[in-house]
Amino acid sequence: MNYIKQHIIPMAIAALGSFVVYILLSIFSDMLPVLLPSLKEIAVVVYIKMILLLIAIILILVLIICAIINKSKPHKPRAMSGKFHNIEWSAEIEYREGREYRDVRTHIVWLCPKYKTPLSLKQMDAPNAKYHTLYCSKCKKTHDVENKGEIIPAENADMTVRREILKNIDI
Ligand SMILES: [Zn+2]
(Lines give C-alpha, C1' and ligand atoms only; values in the text may rest on other atoms or scores of the structure.)
Protein backbone atom coordinates (compact mmCIF):
# COMPACT_ATOMS: atom_id res chain seq x y z
CA MET A 1 0.00 0.00 0.00
CA ASN A 2 2.85 2.35 0.88
CA TYR A 3 4.55 1.63 -2.44
CA ILE A 4 1.37 2.66 -4.29
CA LYS A 5 1.12 5.84 -2.22
CA GLN A 6 4.76 6.81 -2.71
CA HIS A 7 5.36 5.81 -6.32
CA ILE A 8 2.24 4.94 -8.30
CA ILE A 9 0.03 7.88 -7.28
CA PRO A 10 2.65 10.64 -7.93
CA MET A 11 3.48 8.97 -11.28
CA ALA A 12 -0.18 8.79 -12.23
CA ILE A 13 -0.66 12.44 -11.28
CA ALA A 14 2.41 13.46 -13.32
CA ALA A 15 1.26 11.41 -16.32
CA LEU A 16 -2.27 12.82 -16.13
CA GLY A 17 -0.87 16.33 -15.70
CA SER A 18 1.33 16.07 -18.80
CA PHE A 19 -1.55 14.50 -20.76
CA VAL A 20 -3.82 17.44 -19.85
CA VAL A 21 -1.07 19.92 -20.82
CA TYR A 22 -0.57 18.09 -24.12
CA ILE A 23 -4.30 18.14 -24.94
CA LEU A 24 -4.57 21.82 -23.98
CA LEU A 25 -1.60 22.69 -26.16
CA SER A 26 -2.95 20.77 -29.15
CA ILE A 27 -6.40 22.36 -28.75
CA PHE A 28 -4.71 25.73 -28.41
CA SER A 29 -2.69 25.22 -31.59
CA ASP A 30 -5.84 24.08 -33.47
CA MET A 31 -7.86 27.02 -32.22
CA LEU A 32 -5.27 29.68 -32.82
CA PRO A 33 -5.97 30.17 -36.56
CA VAL A 34 -9.71 30.33 -35.83
CA LEU A 35 -9.27 32.91 -33.09
CA LEU A 36 -6.74 34.95 -35.00
CA PRO A 37 -7.32 34.49 -38.74
CA SER A 38 -4.13 36.35 -39.60
CA LEU A 39 -2.16 33.45 -38.08
CA LYS A 40 -3.11 31.25 -41.07
CA GLU A 41 -0.38 33.00 -42.98
CA ILE A 42 2.29 32.25 -40.38
CA ALA A 43 4.74 29.47 -41.03
CA VAL A 44 4.71 26.18 -39.11
CA VAL A 45 8.07 27.03 -37.56
CA VAL A 46 6.52 29.99 -35.79
CA TYR A 47 3.79 27.72 -34.40
CA ILE A 48 6.36 25.33 -33.05
CA LYS A 49 8.24 28.20 -31.47
CA MET A 50 5.06 29.50 -29.83
CA ILE A 51 4.25 26.05 -28.47
CA LEU A 52 7.81 25.67 -27.16
CA LEU A 53 7.49 29.06 -25.52
CA LEU A 54 4.24 27.96 -23.88
CA ILE A 55 5.87 24.77 -22.61
CA ALA A 56 8.74 26.84 -21.23
CA ILE A 57 6.31 29.16 -19.44
CA ILE A 58 4.45 26.17 -17.95
CA LEU A 59 7.75 24.62 -16.79
CA ILE A 60 8.80 27.89 -15.16
CA LEU A 61 5.44 28.09 -13.38
CA VAL A 62 5.82 24.50 -12.13
CA LEU A 63 9.33 25.29 -10.85
CA ILE A 64 8.08 28.39 -9.04
CA ILE A 65 5.26 26.38 -7.42
CA CYS A 66 7.75 23.67 -6.37
CA ALA A 67 10.03 26.33 -4.88
CA ILE A 68 7.12 27.83 -2.91
CA ILE A 69 6.07 24.37 -1.61
CA ASN A 70 9.68 23.63 -0.65
CA LYS A 71 9.98 26.92 1.23
CA SER A 72 6.88 26.25 3.28
CA LYS A 73 8.41 23.01 4.61
CA PRO A 74 10.13 23.39 8.01
CA HIS A 75 13.84 24.01 7.68
CA LYS A 76 15.49 21.06 9.46
CA PRO A 77 19.02 20.65 8.17
CA ARG A 78 21.04 17.62 9.38
CA ALA A 79 24.32 19.53 9.11
CA MET A 80 25.57 23.09 9.07
CA SER A 81 28.91 24.81 8.83
CA GLY A 82 30.30 28.29 9.29
CA LYS A 83 33.04 30.41 10.74
CA PHE A 84 33.17 31.99 14.17
CA HIS A 85 35.75 34.76 14.21
CA ASN A 86 38.93 33.06 12.97
CA ILE A 87 37.96 29.37 13.27
CA GLU A 88 35.67 27.36 11.01
CA TRP A 89 33.19 24.86 12.42
CA SER A 90 30.88 22.17 11.16
CA ALA A 91 27.99 20.69 13.08
CA GLU A 92 25.72 17.68 12.94
CA ILE A 93 22.20 18.40 14.08
CA GLU A 94 19.98 15.78 15.67
CA TYR A 95 16.26 16.29 16.26
CA ARG A 96 14.79 14.29 19.11
CA GLU A 97 11.16 13.80 20.04
CA GLY A 98 9.61 17.00 21.26
CA ARG A 99 9.35 20.47 19.87
CA GLU A 100 11.65 22.51 22.05
CA TYR A 101 15.13 23.79 21.46
CA ARG A 102 16.51 21.59 24.23
CA ASP A 103 15.35 18.58 22.14
CA VAL A 104 17.77 19.59 19.38
CA ARG A 105 21.31 18.21 19.73
CA THR A 106 24.17 20.03 18.08
CA HIS A 107 27.52 18.29 17.70
CA ILE A 108 29.91 21.11 16.91
CA VAL A 109 33.34 20.28 15.55
CA TRP A 110 35.99 23.01 15.23
CA LEU A 111 38.42 22.74 12.35
CA CYS A 112 42.13 23.47 12.00
CA PRO A 113 42.55 26.62 9.87
CA LYS A 114 45.40 24.97 7.98
CA TYR A 115 44.41 21.30 7.53
CA LYS A 116 40.64 21.45 8.20
CA THR A 117 41.01 18.52 10.61
CA PRO A 118 38.90 18.33 13.79
CA LEU A 119 40.35 20.04 16.85
CA SER A 120 40.21 18.66 20.37
CA LEU A 121 39.75 20.46 23.67
CA LYS A 122 42.65 21.38 25.90
CA GLN A 123 42.22 22.55 29.43
CA MET A 124 43.87 25.84 30.27
CA ASP A 125 44.51 27.20 33.73
CA ALA A 126 43.95 30.90 34.01
CA PRO A 127 44.59 32.67 37.33
CA ASN A 128 40.87 32.90 38.13
CA ALA A 129 39.25 30.16 36.14
CA LYS A 130 39.71 26.97 34.18
CA TYR A 131 38.65 26.98 30.57
CA HIS A 132 39.22 25.00 27.40
CA THR A 133 40.85 26.01 24.19
CA LEU A 134 41.11 24.19 20.86
CA TYR A 135 44.12 21.97 20.30
CA CYS A 136 45.36 20.68 16.95
CA SER A 137 47.16 17.33 16.98
CA LYS A 138 48.42 17.93 13.47
CA CYS A 139 50.00 21.36 14.06
CA LYS A 140 50.86 20.31 17.65
CA LYS A 141 49.57 23.60 19.03
CA THR A 142 46.40 25.38 20.11
CA HIS A 143 44.19 27.29 17.71
CA ASP A 144 42.34 29.81 19.85
CA VAL A 145 39.10 31.43 18.86
CA GLU A 146 40.07 35.08 18.98
CA ASN A 147 38.15 38.30 18.79
CA LYS A 148 40.46 41.30 18.33
CA GLY A 149 43.29 39.51 20.11
CA GLU A 150 41.11 38.33 22.99
CA ILE A 151 40.80 34.55 23.42
CA ILE A 152 37.26 33.21 23.58
CA PRO A 153 37.06 29.98 25.65
CA ALA A 154 35.87 26.95 23.67
CA GLU A 155 32.81 26.62 25.94
CA ASN A 156 31.63 30.15 25.08
CA ALA A 157 32.36 29.69 21.38
CA ASP A 158 30.34 26.45 21.42
CA MET A 159 27.42 28.16 23.12
CA THR A 160 27.39 31.07 20.67
CA VAL A 161 27.51 28.76 17.65
CA ARG A 162 24.73 26.57 19.09
CA ARG A 163 22.57 29.66 19.56
CA GLU A 164 23.32 30.66 15.97
CA ILE A 165 22.31 27.20 14.69
CA LEU A 166 19.05 27.17 16.69
CA LYS A 167 18.18 30.59 15.27
CA ASN A 168 18.39 29.15 11.75
CA ILE A 169 16.28 26.01 12.12
CA ASP A 170 12.60 25.25 12.61
CA ILE A 171 11.49 22.77 15.25
ZN1 LIG B 1 46.15 22.90 12.99
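Asker: Explain the sheet that holds strand 3 (residues 104–111) to me, please; I cannot follow it from the model alone.
Answerer: Two modes of strand pairing occur in sheets, parallel and antiparallel, and in both the strands are linked by backbone hydrogen bonds. Read across the open sheet, the three strands follow the order 1-2-3; overall the sheet is antiparallel. In this open sheet, the two edge strands, each paired with only one partner strand, are strand 1 (79–84) and strand 3. Averaged over all adjacent pairs, the angle separating strand axes in this sheet is 25°, with direction ignored. Bridge analysis of strand 2 (residues 87–95) against strand 3 gives eight bridges, and the strand direction is antiparallel. Within strand 3, the position partnered with Glu-92 by the bridge is His-107. Sheet contacts for helix 3 (residues 154–167): strand 1, strand 2 and strand 3; angle to strand 3, the most-contacted strand, approximately 125°.

Asker: What's the story with the pairing of strand 1 in this structure? I'm lost.
Answerer: Note on strand geometry: in a regular strand, side chains alternate between the two faces of the sheet. Of all six residues making up strand 1, only zero are buried, and the element is barely covered by its neighbours. Connecting strand 1 to the next strand, strand 2, in antiparallel fashion are two residues, including His-85 with a positive phi near 55°.

Asker: I keep staring at the domain arrangement of the chain and nothing clicks. Help me out?
Answerer: It is common to report an interface's size as the accessible area lost on association of the parts. Taken as a whole, the chain is organised into domain 1 (2–72) and domain 2 (79–167). The C-alpha centroid of domain 2 is placed 51 Å from the C-alpha centroid of domain 1.

Asker: What is the right way to read the nonpolar core from this model?
Answerer: Generally speaking, a soluble globular protein has its nonpolar side chains buried in company with each other. Formed by 13 residues in total, the largest nonpolar core has its most connected members in Ile-87, Trp-89, Trp-110, Leu-119 and Leu-134. Contributions of two or more residues to this core are made by strand 2, strand 3, strand 5 (130–136) and helix 3. Apart from the residues within four sequence positions on either side, Trp-89 is in contact with Ser-81, Gly-82, Phe-84, Ile-108, Val-109, Trp-110, Leu-111 and Val-161.

Asker: What am I meant to see in helix 3 here?
Answerer: Helical geometry note: an α-helix holds 3.6 residues per turn, so side chains three or four residues apart project in the same direction. Here helix 3 spans 20 Å end to end across 14 residues, near enough to the 20 Å set by a 1.5 Å rise per residue. When helix 3 is considered as a whole, its buried residues turn out to be Ala-154, Ala-157, Asp-158 and Val-161. Within helix 3, the buried residues cover an arc of 100° as seen down the axis, which keeps them to one side. Facing away from the buried side of helix 3 by more than 90 degrees, the exposed set consists of Glu-155, Met-159, Arg-163 and Lys-167.

What counts and what doesn't
Residues numbered from 1 in each chain as written. Predicted model: local features only at pLDDT ≥ 70, side-chain atom pairs only at ≥ 80, totals over all residues. Pairing = 2+ DSSP bridges. Helix = DSSP H or I, 4+ residues; strand = E, 2+ residues; numbered from the N terminus. Axes fitted to C-alpha atoms, helices over the stretch in contact; angles between N-to-C directions. Contact = placed C-beta atoms within 7 Å. Buried ≥ 20, exposed ≤ 12 C-beta atoms within 10 Å, placed from the backbone. Domains from an automatic or database assignment. Core = buried A, V, L, I, M, F, W, Y, C linked by C-beta atoms within 7 Å. Expected span 1.5 Å × (residues − 1). Arc of directions from axis to C-beta.

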